[in-house]
There are 4 protein chains.
Amino acid sequence: MSKHIDIINKYESVVRSYVRNFPTVFTKAKKHKMWDESGKEYLDFFSGAGALNYGHNDDKMKQKLVDYIMEDGITHSLDMASIAKADFIEKFQEVILKPRELDYKMMFPGPTGTNTVESALKLARKVTGRTDIISFTGGFHGMTIGSLSVTGNSMKRQGAGIPLQNTVTMAYDNYVDHDTLVYLERFLEDNGSGVAIPAAMIVETVQGEGGINAARFEWLKKIEEICRRWGILLIIDDVQAGVGRTGTFFSFEAAGIKPDIVCLSKSLSGYGVPLAVTLIKPELDIWKPGEHNGTFRGNNHAFVTATAALDYWEDESFEQSIHEKSEIIYASLQKIVSDYPELKGEVRGRGFMVGIASEVEGLASKVAEKCFAKGLIMETAGPNDEVFKLFPPLTIPKEDLEKGLAIIEESVRDSVKDPVTN
Amino acid sequence: MSKHIDIINKYESVVRSYVRNFPTVFTKAKKHKMWDESGKEYLDFFSGAGALNYGHNDDKMKQKLVDYIMEDGITHSLDMASIAKADFIEKFQEVILKPRELDYKMMFPGPTGTNTVESALKLARKVTGRTDIISFTGGFHGMTIGSLSVTGNSMKRQGAGIPLQNTVTMAYDNYVDHDTLVYLERFLEDNGSGVAIPAAMIVETVQGEGGINAARFEWLKKIEEICRRWGILLIIDDVQAGVGRTGTFFSFEAAGIKPDIVCLSKSLSGYGVPLAVTLIKPELDIWKPGEHNGTFRGNNHAFVTATAALDYWEDESFEQSIHEKSEIIYASLQKIVSDYPELKGEVRGRGFMVGIASEVEGLASKVAEKCFAKGLIMETAGPNDEVFKLFPPLTIPKEDLEKGLAIIEESVRDSVKDPVTN
Amino acid sequence: MSKHIDIINKYESVVRSYVRNFPTVFTKAKKHKMWDESGKEYLDFFSGAGALNYGHNDDKMKQKLVDYIMEDGITHSLDMASIAKADFIEKFQEVILKPRELDYKMMFPGPTGTNTVESALKLARKVTGRTDIISFTGGFHGMTIGSLSVTGNSMKRQGAGIPLQNTVTMAYDNYVDHDTLVYLERFLEDNGSGVAIPAAMIVETVQGEGGINAARFEWLKKIEEICRRWGILLIIDDVQAGVGRTGTFFSFEAAGIKPDIVCLSKSLSGYGVPLAVTLIKPELDIWKPGEHNGTFRGNNHAFVTATAALDYWEDESFEQSIHEKSEIIYASLQKIVSDYPELKGEVRGRGFMVGIASEVEGLASKVAEKCFAKGLIMETAGPNDEVFKLFPPLTIPKEDLEKGLAIIEESVRDSVKDPVTN
Amino acid sequence: MSKHIDIINKYESVVRSYVRNFPTVFTKAKKHKMWDESGKEYLDFFSGAGALNYGHNDDKMKQKLVDYIMEDGITHSLDMASIAKADFIEKFQEVILKPRELDYKMMFPGPTGTNTVESALKLARKVTGRTDIISFTGGFHGMTIGSLSVTGNSMKRQGAGIPLQNTVTMAYDNYVDHDTLVYLERFLEDNGSGVAIPAAMIVETVQGEGGINAARFEWLKKIEEICRRWGILLIIDDVQAGVGRTGTFFSFEAAGIKPDIVCLSKSLSGYGVPLAVTLIKPELDIWKPGEHNGTFRGNNHAFVTATAALDYWEDESFEQSIHEKSEIIYASLQKIVSDYPELKGEVRGRGFMVGIASEVEGLASKVAEKCFAKGLIMETAGPNDEVFKLFPPLTIPKEDLEKGLAIIEESVRDSVKDPVTN
């Protein structure tokens, strides 16, 4: 082991996790590639769990960021006004919101995903005067107590050390064999159900951590309709599925819905530096000044790179390229499932947020492990790590995408041959 | 108003707050100075609410950061291993922990203050199997539900929209005229008090948001002793008071205590970019892998600057200079209080974390406002904004420190003349 | 109005409710009949909401009670030993538990239904170390905070004034068109469902307040099996359905299940005086002495009448007679539903716990109102009062039962003729 | 052991408690005396923990009760109107409330102490729209989750199995050496205290279970004043201290305060049968019909005896006699404390609600045990059972009172001689 790994093993908390799956020391990264201390090159099909949709260290963003730093542009501004922030807000309105006919105020709640989720939940409760939030099976929204309360994973929930309250879990799309919304509506309309009309529902259109579950568009539309009927706010947590991951900037565009509140983070800054925003329908923006705050809510480096990243969305070519490549991915995964019946696999997801769920215990992890040995970084997801999850950068060239898919196929082939050893 | 302010007023959520007190657009910053769009120069006695203890855009850190970016060093790594992270861990152990005979594991819980607090509370509950946390009047720990539960401010608490649970508030030092710990101990030792032995106490040694209240060292020692006696974990939230703000790296050093868990963020990265760490006594580090996580827990830009920032602590000269300048500040504030009895002022705090509390309603805000007009940035604190709060960078040269103190004196003089108009 | 009603209207809290539906002053009662101030006689198809299964003022019990009082038998004994209590315990074991091969310890938790439910929930949490309880849609368990948390009715829940916590509501049998237990099991087996394995499930085999919903025996068996599989305690709340109401002493006998904890109250004392008992499998009886208590847990008047009431259960003739009469009731209700299609009625329940649910808004209440005018007391149930609910004493003679059924039929006939006026 | 004890030991839950301290089987009781199976006579200085203030089986009440039963008066009426209930309401208004210039609506929340407390807490939250309740160290209010949340005893609280929420404990009078209300007020007036303005404070004027702590009248007056100033409702829990126990009908009369809500139970029925009432200022009586209910809220046997019991209060002679006898008790206890310094005793309480707290661990229990052997029933109280507690019936004749006091003195004398053996 390297000296650097030794230091981490000795001094970093045992809570560390990815370093266990990818046991090497990374030094450098560019676009869809990473290199470790030994000089070994990796294809990155992980993208920082969705925080690097544009790949690593994009040259245009890098230049803007370095220029800004060299000019001593203000780095940390809390919620004072800075040009970097004003520019980001303006461009986000122009390039993203207006063309999509979305009218949102922008709140900077602190630079992480869990911070935007917490701000959304607080605001929904404040606006409605109700306390409950409906969340969904398989949902993942963050590790602070508010977000954790709406997160499904039982190991993570137990980490809270206290009962998690003020939430009700309902079944996500396809959770059982019949329409889960029949059930949800019955609970809402029945005065004797024990389930109160909630402040909000919080939904991921595609669940990442939950195992790459993609809700059908009609299910999402129905959710929106139910929310409207009962005066429930609809929060879309687009922290992982947003910023192009499913093929459009927002993951909910294709479903034709307009959430009341949208949570964005991860790839928002474009460069992998921390940034989050909470989008709020103007009529719901009833905060008192400073009622929610956070020291790093004005991270100007992130504003600079985030503004540069929006260039990708100025015309339709980027979406088009994602679409084309996602068809390659999908076809390739379908082929794997059909060629390797031992995998007992099912292709899940949409866009660049896809994976294969295997019914064979431990097999998905084995595939990911073999990929890593062959120079491809890919993680698993789902409550029992039953899914291997492809998250390549959206900007990956076709040939390297295909190279990566080939490594995955090989890894599947090798894995199904051996008895699984966990 | 400038175009940039217009954009912010139009599109940013009404939750924005500092832009209301400092209504201008900042463009550039260096050391202890900031400039706005019009070219006006400001002395910064605010330091990003304690996130910029080394001043803005420190040249050495800047160079390291730009070099790292130019070399395509890995930016975002979650908790995979990177050299930047290993280097930071190693140097933090060598320069900070070992010389102070502190033995802590380091957890990266997400890059914000509230994230480190949430991780500390979760771990304390997990370790002890108890649910309650004792927090203190005037405490401020963050805006996510877990941290907000231990925060005192009623306006912020109401923002939660739900009852905040599993916490008990006890009186901070000097909250009433007698020893507040008599009360606390009575509650703990009495089986009929209704207060259970908690998992932990969470304490700031000097409360910033709460109104610059500095606990006496003997009070802190007694807190530690009580915690030991009852098997309660002691969490020091050093997010604002740490990293030199009170004159030593950790604010608790002078009190001679050794907390079980320490929360650091704000100035930790040195450069104003997001970073947080939770320090944990090794025997308490019982997390399961991934039991707490966060997308930006591996912010390598911050590791790079944070490592560079530790150079300040390699010998005692930095502490010495803080100490000398803090005496100038303290003497100057004492003189203001005594020269302007109309202020009904009281000097509070220690080190570079000081302020004047005024009994006259609205007066502290008026002073801060006049300072701003005269080119000095300073905020107010306390539940009724009754304190104006001096947070200059620790690196400020004496002459500019004195220049700033003169502006404050002038502003006090001007303010006490007029009837306060709020 | 009478003077007595005036007093009540003037001084009793507006929370009073049955007096609004039955606006007269009752003076005397015997078996299945009641009389009011004016001497008007009523058939009682209400039985104190199930607290008077043996009718009013049963002569045998009355004699025993008066004898006991005349001899200055101890009235109030908390949980000191009294002969009246020992006699009750012994006879309950001999006549009820042993013949049914049920082995339970008996806890006297205070003399009301909500008290036995609270004790059951506390014990289940204590035994398992878990916090959540699964309750069911339409469930009713009492008005104190613990019991209210597992009660479905939204009006009653809102009366709590605080969020009700540590519970999860699942769908009762027939809540939707498919098997509700598929759903429940999916939540339990999925580590990502957000629903933790609970301490217990609390179930009524027939829901009274919830609208006379009778669970199928196979559903109850499956519930028991799920509980066993996951180490979840099964609590049957038999406060309303127990003591013969469904045709057997315990309502769960016919389903062939053996709950871990059983809650009994209402008709337990036989005479309408307050008594409750919590039956606990011996291995779960891990209370500390006095860990749950209550001033009236030793109500000896109730022990005396309760012991006398057990005479009804010494052979099978009582069960047999309930069974025969319940067939008359059932047939009669079926005929009403089929003869009056305008009622849009559905017969619900089993044994002497039956009713007709009408889809026509307000119609059930109208029928009950007309019955009252004709001298029959009957209440409505269900979240929207959509069910009229027949609860005659189990001891009612056939001819008076048929007289009552005739009044109901007339009232239905009259009600469906008029447009409903609410 | 007798057969009856065998039955109880075999079949009653281990939660049973008084039977452990008073290990005999009681058969008969009259006034201030009880007899066991063996014919042994006991002086009752326990009075059913305050439920038998008029002694056992009072002849006048007994006659009324038997007459009522013999006439087949309605026994169980929920909240339908009965003459027994109207008579009680009317007489309570005439004899108790009007002469004391108290204007209250009467709510029958179920027949136990915990039920009236739960109803009071619910109503206070409903009226104010706030969630928190301030309770006090040493408070005891009942065993259901709502009441338990405001109860201080840690063993009982842990019995809940869940964190108890929505309450804040403040220090009762004399909890520490200085005025505890300074502390309370500081928490209320400080916006940064972490303690929100509560819906209500719930107070016992003399704490029974908590260890016979009597608040000073000026402390109670100040509590009332603070409640008024902040719009907080004042709930007096007079379940144990009420109905004459302290010398007046309500325990708060002497303090000159008028609570918003009063909880009564225990001795209210006079005869030891279950009854409770919640007294509510008319303007606060905003319940919806049936929003709180309970099967035994109309226990007519109790109405009959409770009405008869009110005869004691028709003139001042009863109060006068309590007063005279309480002076005997007090003098006797003072003498014991001064004659037996080994007891390290302190006399506590007022009226007929008094005891001696001993600093010697286990000594109070020893005294109670010796008393029992000598034919006097007396219990201990306080979080560590450090107080022996005299609760004779208010009706006890002087000579038997003195006989009892002599037994206590003897028991103290015997106890201080031996080393305590627990």
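Residues numbered from 1 in each chain as written. Chains lettered and ligands numbered in written order. Predicted model: local features only at pLDDT ≥ 70, side-chain atom pairs only at ≥ 80, totals over all residues. Heavy atoms only, no water.

- Under the annotation held in an unreviewed UniProt entry, chain A carries the name Diaminobutyrate--2-oxoglutarate transaminase and is attributed to Gracilibacillus marinus.
- Recorded under Pathway (unreviewed entry), the UniProt text for chain A is reproduced unchanged: "Amine and polyamine biosynthesis; ectoine biosynthesis; L-ectoine from L-aspartate 4-semialdehyde: step 1/3."
- Its UniProt record gives chain A a comment under Cofactor (unreviewed entry), which states: "pyridoxal 5'-phosphate". (UniProt positions renumbered as here; feature names shortened; annotations may be inferred.)

Thoughts on helix 6 (residues 113-128) of chain D
Residue and element names in this part refer to chain D.
Next up, step 1: An ideal rise of 1.5 Å per residue puts 22 Å on 16 residues; helix 6 measures up with 23 Å between its terminal C-alpha atoms.
Next up, step 2: When you tally the buried positions in helix 6, you get 13 out of 16 residues, the bulk of the element.
Next up, step 3: Just downstream of helix 6, Gly 129 is the residue with a positive phi angle, here 70 degrees. (Helix = DSSP H or I, 4+ residues; strand = E, 2+ residues; numbered from the N terminus. Expected span 1.5 Å × (residues − 1). Buried < 20%, exposed > 50% of the residue type's maximum accessible area, 1.4 Å probe, protein only.)

A word on the interface of chain A and chain B
Next up, step 1: Every contact between the two is made by 106 residues of chain A and, on the other side, 106 residues of chain B.
Next up, step 2: Buried area between chain A and chain B, summed over both chains or domains, comes out near 9,300 Å², and the portion from carbon and sulfur atoms is 64%.
Next up, step 3: Counting every contact that joins chain A to chain B gives eight salt bridges.
Next up, step 4: In this structure, the connection of chain A to chain B is made through 49 residue pairs in polar contact (both at pLDDT 80 or more).
Next up, step 5: Relative to strand 1 (residues 25-30) of chain B, strand 4 (residues 81-82) of chain A is paired through two bridges, and the arrangement is parallel. Across the sheet, the residue bridging to A:Ala81 is B:Val25, located in strand 1 of chain B. (Contact = heavy atoms within 4.5 Å. Buried area = accessible area lost by both parts, 1.4 Å probe. Salt bridge = Lys/Arg side-chain N within 4 Å of Asp/Glu carboxyl O. Polar contact = N/O pair within 3.5 Å; in protein donor to acceptor, adjacent residues only side chain to side chain. Pairing = 2+ DSSP bridges.)

Re the relation of the copies chain A and chain B
Next up, step 1: Rotating chain A by 180 degrees and translating it 0.0 Å along the rotation axis places it on chain B, where the RMSD comes to 0.0 Å. The operation mapping one copy onto its partner corresponds to a two-fold rotation axis. Nearest to the rotation axis, the C-alpha of A:Ile145 is located 2.7 Å from it, this being the minimum over chain A.
Next up, step 2: Same-surface contact between copies: 100% of interface residues of chain A are shared with the interface of chain B. (Least-squares fit on C-alpha atoms with pLDDT ≥ 70 in both.)

Topic: the pattern of salt bridges
Next up, step 1: The final tally for this structure, using the stated rule, is 120 salt bridges over all chains.
Next up, step 2: Ionic pairing is found between C:Glu225 and C:Arg229, a salt bridge with its closest N-O pair at 3.2 Å. Remark: C:Arg229 and C:Glu225 occur in helix 10 (residues 217-230); sequence separation between them is four residues, near one turn of the helix.
Next up, step 3: Judged by relative accessible area, which is 44%, C:Arg229 ranks as partly exposed.
Next up, step 4: Counted as one network, the salt bridges with shared partners bring together A:Lys30, A:Asp59, A:Lys62 and B:Asp72.

Notes on the pairing of strand 15 (residues 353-358) of chain C
Residues in a regular strand project their side chains so that they alternate between the two faces of the sheet.
All names here are of chain C.
Next up, step 1: The element strand 15 is largely enclosed, with a buried count of six among its six residues.
Next up, step 2: Of the two faces of strand 15, both are covered, the one formed by Met 353, Gly 355 and Ala 357 as well as the one formed by Val 354, Ile 356 and Ser 358.
Next up, step 3: The antiparallel pairing of strand 14 (residues 345-350) with strand 15 creates a hairpin that spans two residues between the two strands, and Gly 351 there sits at a positive phi of about 65 degrees.
Next up, step 4: When strand 15 meets strand 18 (residues 387-390), the two strands line up antiparallel, connected through four bridges. Each bridged residue has a counterpart across the sheet, and for Ala 357 the counterpart in strand 18 is Val 387.

Brief notes about the confidence of the model for chain A
Next up, step 1: Residues of chain A with pLDDT of at least 70 account for 99%, and the chain-wide mean is 96.
Next up, step 2: In the predicted complex, the global pTM is 0.97; the interface-specific ipTM is 0.97. (pLDDT = per-residue confidence, 0-100.)

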